[in-house]
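Below, each chain spelled out in residue letters.
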Amino acid sequence: MAEFSLNDILRNNVKKLIPYSSARSEFEGDAQIFLDANENSLGSVLNRNFHRYPDPLQKQLKQKLSTIKNVPAENIFVGNGSDEAIDLLIRAFCNPGVDSILIFPPTYGMYEVSAEINDVAINKILLTNNYQLDVDAIKKGIDRNTKIIFVCSPNNPTGNLLDTKSIEWLLENFNGIVVVDEAYVDFAGTESWIKKLDQYSNLVVLQTLSKAWGLAGLRIGFAYASKEIIHVFNKIKPPYNISEATQQLALQALQNEAQAKEKTNVLIQQKERLLEDLKEFDFIKAIHPSDANFILVKVDSAKDLYQYLLSKTIVVRNRSSQPLCENSLRITVGTPEENDALLTALKYYDQ
Ligand SMILES: Cc1ncc(COP(=O)(O)O)c(C=O)c1O
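Residues numbered from 1 in each chain as written. Predicted model: local features only at pLDDT ≥ 70, side-chain atom pairs only at ≥ 80, totals over all residues. Heavy atoms only, no water.

Before we move on, could you go through the site of the ligand and cite the residues and values that matter?
Around the ligand, a shell composed of 13 residues is seen, among which S82, D181, Y184, T208 and S210 lie nearest. For the ligand, an oxygen atom lies 2.7 Å from a polar atom in the backbone of S82. For the ligand, an oxygen atom lies 2.8 Å from a polar atom in the side chain of K211. When the ligand sits alone it has 400 Å² of accessible area, and the protein chains cover 92% of it. For the shell around the ligand, a count of residues per class yields four nonpolar, five polar and four charged. (Near = heavy atom within 4 Å. Polar contact = N/O pair within 3.5 Å; in protein donor to acceptor, adjacent residues only side chain to side chain. Areas by Shrake-Rupley, 256 points an atom, 1.4 Å probe, with all protein chains shown as cover. Nonpolar A, V, L, I, M, F, W, Y, C, P; charged D, E, K, R; others polar.)

Now, about helix α9 (residues 244-254): what can you tell me, with residues and values included?
Of the residues making up α9, those classed as buried are T246, Q247, A250, L251, A253 and L254. An end-on view of α9 places all buried positions within 160° of arc, on one side of the element. Residues of α9 that are buried in the fold lie against α3 (59-69) and α10 (257-277). (Buried < 20%, exposed > 50% of the residue type's maximum accessible area, 1.4 Å probe, protein only. Helix = DSSP H or I, 4+ residues; strand = E, 2+ residues; numbered from the N terminus. Arc of directions from axis to C-beta. Contact = heavy atoms within 4.5 Å.)

Give a detailed account of the sheet that holds strand β8 (residues 284-287), specifying residues and quantitative values.
Remark on secondary structure: sheet strands pair via backbone hydrogen bonds, oriented parallel or antiparallel. The four strands lie next to each other as β8-β9-β11-β10, forming an open sheet whose pairing is antiparallel. If you trace the sheet from one side to the other, it starts and ends with β8 and β10 (317-318), each paired once. Sheet topology note: the β8/strand β9 (residues 294-299) ladder contains three bridges and is antiparallel. Counterpart to I287 in the pairing with β9 is V297. (Pairing = 2+ DSSP bridges.)

Tell me what's going on with helix α5 (residues 110-117), and back it up with residues and numbers.
Restricting attention to buried positions, one finds in α5 the residues Y111, S114 and A115. End-on view of α5: buried residues confined to an arc of 100°, all on one side of the axis. Relative to its buried face, α5 has exposed residues pointing more than 90 degrees away, namely E116 and I117. The secondary structure elements touched by the buried residues of α5 are α4 (82-93), β2 (100-103), β3 (121-124), β4 (146-152) and β5 (177-181). Residue D119 follows α5 closely and has a positive phi angle near 55°.

Right, dumping it as structure tokens:
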């Protein structure tokens, strides 16, 4: 295959686009009086300094993240959740009605939904029975309209990391963008694919504050990629995609890395405990190993067990409609007390 060239796969309308230029990015110098952006000069109705538009490029936040992750700030995009990055990638590279993405079910649902919203076709190649990439099938599944491959590792809902060599094969042989979604990487104890950004110009790594950092409600996700790809994100994103409040809180959160690590360790310990304790129930037919903060289990009847747990006020996710997930429930690791409650409820389950 020919070399990856960003220019070759970028949509023409995006190449030609003149992005929105925000008021504050149009001047240089020491301004004191800001009469340029139709904000409320009298201030905000809250007792907080929110009357100005936020920094469109979230420079302070990126600077802090750059130090934590050891990645230059110019290689970082900040999104309204990593879901925003997924949508922007599809919009930047896939022509509606013409191009396609490639995904490997069972996997995270938003790749498919975002493609559908953008009228972009979805090619699917199932994972193997042990939830790994089927490289031989993938070789046949890529065509000239395939623009993005989404790899989720650790994968949701199966919980496992995908084989490094297979991902490397994709990066080396596929001429489009390879996204490695690492939403759960902090639970896996492996190196991030961020380390390989210098090596692969077609690599985009997604991470989020929603999982290990405990900030799903804040809506902050990151894409790490070459500065050329980050430039594309910046060109097409809504100008003020991250609010001032969110930028401030995210920055505050990033000062607290030790606490995120502590929470991650507790969740990993609790996961190990659940993986062990779930073995005692014969209606659980398979417990899949997990590199994430959830466990996929195969049971006698997912529908019945789901309803039973709900009657005990415990809600889990029934993933049975996904391929290779027949009668499977995905259980998020809870607090120690929540996990006690789950195990107690399971003890009293009468099939
Ligand atoms: C694999 C994966 N990627 C991305 C996301 C979305 O993350 P965010 O909250 O940053 O939009 C999720 C959420 O569950 C996920 O499981």
